[in-house]
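# Remarks on the overall topology
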Amino acid sequence: MSKRVAIVGIGTTGFRATTPDVSYRELTYEAATKAYLEAGIEPKDVDAFVATSEDFLEGYSIADEYCPDQLGAVLKPIYSITGDVIHSLASAYMMILSGIGNIMVVQGLSKASNMLTLSDMVTFAMDPIYNRPLKESPHAVAGMEMARYMYETGTTREQIAKVVVKNKRNALTNDLAAHGVLIDLDYVLNSEVVSYPLTQMDISPHSDGAVVMVLAEEETAKALSKKPIWIRGIGWCSDTPGLETRNWGEAIYAQMAADMAYKMAGIRYPRKEINFAEINDEFSYKELQHLEAMRICKKGEAGPLTEIGGTEIGGEFPVNPSGGCLGVGNLFELNGGHTVLEVVRQLRGETGKNQLKNVTTGLAQSWRGVPTTTGTVAILSN
Amino acid sequence: MELTEKMVANSATKLSAEEILEGKVLSVKWEPKLKYAWDNGPAIGRYLAELKNGKIIGKKCDKCHRIMIPPRMFCELCWVPTGEWVYVKDTGIVNTWIIGHVDWKAKRLDIKGGVRPITLSIIEIDGASKGMGILHHLGEVDPWKIHRGMKVKAVWKPPEERTGSITDIKYFKPIK
Ligand SMILES: [Zn+2]
């Protein structure tokens, strides 16, 4: 039997729309200090570190070289993943399984407020020869996907708007969230159109913050933590990048990533065997599309489930009790770090007013945002 | 099969810069707008503010006793918050340097035509711990007379021209 790996410490700064008082260094330092304190370790006890960075978002070429200091990782084994924090989690997990070490650290950061030309940066991710000359807005990609998803599933505009209302309300009682507000369906439906059917309220605002977690192999985990959170399954997948050839209605990348994680965790009936999920809702409709892709709902059933309150904190299958990207903020490469953080907090019973009852298994999912087709999934149990 | 020069000549498409510039082949011009407003945080923020005052400030680690520039809020080696702020001198010694014949855009300088080579240096600052220094230019010196351990001092811009930037120091010049 394979070794078991647990998260034995997790630290965060919380998430704010801006963080003008600190640099990225102090942000990560705070999250790392908290994570190490919780795990009862010092950086010298860590066998290897995996950071997460995207050069264009950081504004540094080879941004990974700027990661060691604030993790206590100077002159230690460290590398960065250009992807989502759950990719980094997978990398650290594999290092433990392969015997490279017993204690690993995973880091993610968002300084989204420092990017002044985000739209241009995302457009720069389009194919330069046959997409960029058309000068489309990055939100065009989300709008087209939303339209196709609604057509294929019969999901209504109101059902999608309900996701925004729910997540922004959940964020109001989450001390870590930056964008909680109390609004009704009409407020969302009447907000300014960006790329029809996508409106301004369907798009997550940004946040800054950092998350650092400590992973340990079973024996070490039990010695370090009274509440280890076990990584039972992990998966990742990328669809073709082509805007012309990708599947616009279904998030196949999320389906395949989830299937990989389910297989590892021995999960056959995700809706029954998983109690709740923190999933990517960078655009409102993505929450529903991702739920269906991961077989938590059948195709076309995520909207109706949301409409009757089935995904609320007291619902049958709570989704994004933290408030998700819509309520906490879009954290870019840190989005997966945030979903893992919230699943860990729920499984330990540390989320205060947003605490779910009797939860033993949660799903953390992420997506790399437009224009990507890359998804990640982690299944965690207490 | 071995790749020969003839095979490459027969298979490769040769393009001149002119053909691209004249639009004879499909080309795409795209200037990315990448703008950032980095938050400096308390350490680098004060470092820059003090440069505007004509001073160089560091921060001390109470555990390893290093006086570090640029200052930082935590010691990356001891993993503890740093302690007091410490002003260091604006003098130091040359650790290493170059006599640069190309500029930062990799353009060759007309050295024979009288353009001064770029003399970028790492300067170990007096009052800071060993290994702590400033990357800056050397000036008022014959590039070929720069030597390891040469004593230098900052030449500051006049106060009204300083902006809170590393360029508030124009360069470092030799002193006795
Ligand atoms: Zn120290």
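Criteria and thresholds
- Residues numbered from 1 in each chain as written.
- Chains lettered and ligands numbered in written order.
- Predicted model: local features only at pLDDT ≥ 70, side-chain atom pairs only at ≥ 80, totals over all residues.
- Heavy atoms only, no water.
- Salt bridge = Lys/Arg side-chain N within 4 Å of Asp/Glu carboxyl O.
- Contact = heavy atoms within 4.5 Å.
- Buried area = accessible area lost by both parts, 1.4 Å probe.
- Polar contact = N/O pair within 3.5 Å; in protein donor to acceptor, adjacent residues only side chain to side chain.
- Helix = DSSP H or I, 4+ residues; strand = E, 2+ residues; numbered from the N terminus.
- Buried < 20%, exposed > 50% of the residue type's maximum accessible area, 1.4 Å probe, protein only.
- Pairing = 2+ DSSP bridges.
- Axes fitted to C-alpha atoms, helices over the stretch in contact; angles between N-to-C directions.
- Donors = N, O, S within 2.8 Å, 3.2 Å for Na, K, Ca; no water.
- Tetrahedral: all angles 85-135°; square planar, octahedral: opposite > 155°, others 65-115°.
- pLDDT = per-residue confidence, 0-100.
- Domains from an automatic or database assignment.
- Nonpolar A, V, L, I, M, F, W, Y, C, P; charged D, E, K, R; others polar.
- Parallel < 35°, antiparallel > 145°, perpendicular 65-115°, else oblique.

Throughout the structure, instances matching the rule amount to 26 salt bridges over all chains. Taken together, the shared-partner salt bridges in this structure form one network comprising A:Arg148, A:Glu152, A:Glu250 and A:Lys299.

Turning our attention to the interface of chain B and chain A. Contact residues are listed per partner, giving 22 residues for chain B and 37 residues for chain A. Taken together, the two surfaces of chain B and chain A that pack against each other cover about 2,400 Å², and 67% of this comes from carbon and sulfur. For the chain B face of the interface with chain A, the top three residues by lost area are B:Trp30, B:Asp39 and B:Trp79, together amounting to 32%. Our count for the contact surface shared by chain B and chain A stands at two salt bridges. At the junction of chain B and chain A, the tally comes to nine residue pairs in polar contact (both at pLDDT 80 or more).

Quick look at the environment of B:Cys78 now. Residues and elements named next belong to chain B. Its place among the elements puts Cys 78 in the loop between strand E3 (74-75) and strand E4 (80-81). By relative accessible area, Cys 78 is classed as buried at 19%. Sequence separation of Cys 78 and Ile 56 is 22 residues, and the distance between their C-alpha atoms is 23 Å. Sequence-distant contacts of Cys 78, defined by excluding residues within four places in its chain, comprise Cys 61, Lys 63 and Cys 64.

All names here are of chain B. Residues Ile 134 and His 136 line the buried face of strand E8 (residues 133-137), whereas the alternating positions Gly 133, Leu 135 and His 137 sit on a face that is not buried. Sheet analysis places strand E7 (residues 120-125) next to E8, joined by five bridges and oriented antiparallel. Across the sheet, the residue bridging to Leu 120 is His 137, located in E8.

For the rest of this paragraph, the subject is the sheet that holds strand E9 (residues 151-156) of chain B. Residues and elements named next belong to chain B. Ordered by their spatial adjacency, five strands build an open sheet running E8-E7-E6-E9-E10, and the pairing between neighbours is antiparallel. The strands lining the two open edges of the sheet, one partner per strand, are E8 and strand E10 (169-174). Strand-to-strand twist across the sheet, computed as the mean angle between neighbouring axes with direction ignored, equals 45°. Of the pairings in the sheet, the one linking E9 to E10 comprises five bridges and is antiparallel in character. Within E10, the position partnered with Val 155 by the bridge is Tyr 171.

Here the focus is the coordination of the zinc ion. Residue and element names in this part refer to chain B. Note on the zinc ion: its protein donors are Cys 61 (SG), Cys 64 (SG), Cys 75 (SG) and Cys 78 (SG). The metal-donor distances range over 2.3 Å. Bound by four donor atoms, the zinc ion shows angles of 102 to 116° at the metal and therefore tetrahedral coordination geometry. Sequence positions of the donors to the zinc ion reduce to the motif C-x2-C-x10-C-x2-C. Of this pair, Cys 64 sits in the loop between strand E1 (56-60) and strand E2 (67-68) while Cys 78 sits in the loop between E3 and E4, and the two are 14 residues apart along the sequence. Exposure remark for Cys 64: the relative accessible area of 31% places this residue in the partly exposed category.

Okay, unusual backbone geometry next. Residue and element names in this part refer to chain A. Cis geometry is found at the peptide bond from Tyr 196 to Pro 197, where omega equals 10°. Position of Pro 197 among the secondary structure elements: in the loop between strand E5 (193-195) and strand E6 (198-199). Cis geometry marks the peptide bond from Val 370 to Pro 371; its omega dihedral reads -5°. Mapped onto the elements, Pro 371 comes out in the loop between strand E10 (361-367) and strand E11 (374-381). Positive phi outside glycine occurs at Ile 62, with the angle close to 60°. Mapped onto the elements of the fold, Ile 62 is located in the loop between helix H2 (55-58) and strand E3 (78-81). Under the relative-accessibility criterion, Ile 62 is labelled partly exposed at 48%. With a phi angle near 55°, Asn 358 is a residue other than glycine that sits in the positive phi range. Within the element layout of this structure, Asn 358 appears in the loop between helix H14 (335-348) and E10.

Let's shift gears to the confidence of the model for chain B. Per-chain confidence: chain B averages 93 in pLDDT, with 99% of residues scoring 70 or above. Both scores are given for the predicted complex: the pTM is 0.94, the ipTM 0.90.

When the parts of a complex come together, some accessible area is lost, and that lost area is often used as the size of the interface. All names here are of chain A. Each assigned domain of chain A is listed with its residue range as follows: domain 1 (5-117 + 207-229) and domain 2 (126-205 + 230-381). Each of domain 1 and domain 2 has a C-alpha centre, and these two points are 23 Å apart. When domain 1 packs against domain 2, the two sides together hide about 3,300 Å² of surface, and 70% of this comes from carbon and sulfur. For the pair domain 1 and domain 2, the number of links is two salt bridges. A salt bridge links Arg 368 to Glu 54, with the shortest nitrogen-to-oxygen separation between them at 2.4 Å. Listed by contribution, the elements that provide at least two residues to the side of domain 1 that touches domain 2 are strand E1 (5-12), H2, helix H3 (85-97), strand E4 (103-111), strand E7 (208-217) and helix H8 (218-224). In terms of residue class, the side of domain 1 that touches domain 2 is built from 24 nonpolar, twelve polar and nine charged.

All names here are of chain B. The sheet built from three strands is open, its strands ordered E2-E1-E5 with antiparallel pairing. Edge positions in the open sheet fall to E2 and strand E5 (85-88), since each of these has one partner strand only. In this structure, E1 lies alongside E2, joined through two bridges in antiparallel fashion. In the sheet register, Lys 60 faces E2, and the bridge partner there is Ile 67.

Right, let's talk about the packing of helix H6 (residues 157-172) of chain A against helix H11 (residues 284-293) of chain A for a bit. Residues and elements named next belong to chain A. Viewed as axis vectors pointing N to C, H6 and H11 meet at an angle of 105°, and their least axial separation amounts to 8 Å. Taken together, the axis directions place H6 and H11 in an arrangement best described as roughly perpendicular. Judged by residue contacts, Gln 159, Ile 160, Val 163, Val 164, Lys 166 and Asn 167 of H6 engage Ser 284, Tyr 285, Glu 287 and Leu 288 from H11. A breakdown of the residues in the contact of H6 with H11 according to their chemical character gives five nonpolar, three polar and two charged.

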